Amino acid sequence: MVENIKWLGHDTFKIIGEKIIYTDPFQIKKPDKADIILITHEHYDHFSPEDIKKLLAPHTVLVLPEDCSGKIKAKEVIVKPGDRITVEGIEIEAVPSYNTNKKFHPKEKGWVGYIFKVMGKRIYIAGDTDYIPEMKTFKDIDIALLPVSGTYVMTAEEAVQAALDINPKIAIPMHYGSIVGSEKDAQEFAKKLKGKIEVIILKPEE
């Protein structure tokens, strides 16, 4: 399944399965047509109307928190943590995503990460989050996309703890290399999980 996951930098992934799914489109270089776009929260590097428009087709569905709603002319499904929905045949669960030791992403905003199923695999994208207790409740995750850069999100060390709690078959680090953090964070994450969880560091695609 990993070969179907393309990292476009930051928290932007293109996942190819029964549908074309994008997460938090940001700095999109090549226009495309998405079936589903998952938005985690309203910060400019995650909810970028300019980039989303490069991926819109008439049938595209945006899945997003309430404070992102109504800003782009498109089909929308509004979610909050705990919601379970099916969009275009894809099962999607919105899960909590927030800071515990900093103020950039307050829990009361109701921002989200997502667990969604593609070709029988459960993929978790964390959004901008710290290491939070809810992660212990995420079960049967095949692939976890986890931020590792610190400053606004988990450090590599904290992301290691998150990965051990979630226990995915594969962990893929993200949220580095464009605003904060570098590949060193991803390498540190991989080193500390060696022998425990398989880590795949993706190269950003153009």
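Whatever comes next refers back to the structure up there.
Residues numbered from 1 in each chain as written. Predicted model: local features only at pLDDT ≥ 70, side-chain atom pairs only at ≥ 80, totals over all residues. Heavy atoms only, no water.

Chemist: How should the pattern of salt bridges be read in this particular structure?
Modeler: Side-chain pairs of opposite charge can arise where the charged atoms are in close proximity. Enumeration over the complete set of coordinates arrives at 13 salt bridges. Residue aspartate 51 is joined to lysine 54 by a salt bridge in which the shortest nitrogen-to-oxygen separation is 3.7 Å. Given the relative accessible area of 5%, aspartate 51 is considered buried. Of the charged contacts, one joins glutamate 188 and lysine 191 as a salt bridge, the two residues approaching to 3.9 Å between their closest N and O atoms. (Salt bridge = Lys/Arg side-chain N within 4 Å of Asp/Glu carboxyl O. Buried < 20%, exposed > 50% of the residue type's maximum accessible area, 1.4 Å probe, protein only.)

Chemist: Sorry if this is basic, but what is going on with helix α3 (residues 183-193) here?
Modeler: Each full turn of the α-helix corresponds to 3.6 residues, which orients residues three or four apart in the same direction. All of the buried residues in α3 are Ala186, Phe189, Ala190 and Leu193. Considered in projection along α3, the buried side chains sweep an arc of 95° and stay on one side of the axis. Across from the buried face of α3, at angles greater than 90 degrees, the exposed residues are Lys184 and Lys191. For α3, the secondary structure elements touched by its buried residues are β11 (143-147), α2 (156-166), β12 (170-174) and β13 (198-199). Glycine 195 lies just past α3 and shows a positive phi near 80°. (Helix = DSSP H or I, 4+ residues; strand = E, 2+ residues; numbered from the N terminus. Arc of directions from axis to C-beta. Contact = heavy atoms within 4.5 Å.)

Chemist: Any chance you could explain the pairing of strand β5 (residues 61-65) here in plain terms?
Modeler: Regular strands show a simple pattern: their side chains alternate between the two faces of the sheet. Of all 5 residues in β5, 5 are buried, a share of seventy percent or more. Pairing between strand β4 (residues 36-38) and β5: 3 bridges, direction parallel. Opposite isoleucine 37, over in β5, you have leucine 62 as the bridge partner. Pairing between β5 and strand β6 (residues 75-79): 5 bridges, direction parallel. Directly across from valine 63, in β6, lies its bridge partner valine 77. (Pairing = 2+ DSSP bridges.)

Chemist: Mind showing me how you'd approach the nonpolar core here?
Modeler: It is characteristic of soluble globular proteins that their nonpolar side chains tend to be buried jointly. If you look at the biggest cluster of nonpolar residues, it comprises 55 residues, and the most contacted ones within it are Phe13, Tyr114, Phe116, Tyr124 and Phe189. In terms of residues, this core owes the most to one element, α2, which gives 6 residues. Apart from residues no more than four positions distant in its own chain, phenylalanine 13 is found in contact with Ile5, Lys6, Trp7, Ile21, Tyr22, Thr23, Ile125, Leu145, Ile172, Met174 and Leu202. Membership of the second largest hydrophobic core comes to 13 residues, among which are Tyr22, Ile52, Cys68 and Ile72. (Core = buried A, V, L, I, M, F, W, Y, C linked by side-chain atoms within 4.5 Å.)

Chemist: Help me out: how do you make sense of the sheet that holds strand β3 (residues 20-23) in this one?
Modeler: Sheet strands associate in pairs through backbone hydrogen bonding, adopting either a parallel or an antiparallel arrangement. Spatially, the 6 strands line up as an open sheet ordered β1-β2-β3-β4-β5-β6, and their pairing is mixed. At either end of the open sheet lies a strand with only one pairing partner, and these are β1 (5-7) and β6. With direction set aside, neighbouring strand axes in the sheet form an average angle of 20°. (Axes fitted to C-alpha atoms, helices over the stretch in contact; angles between N-to-C directions.)

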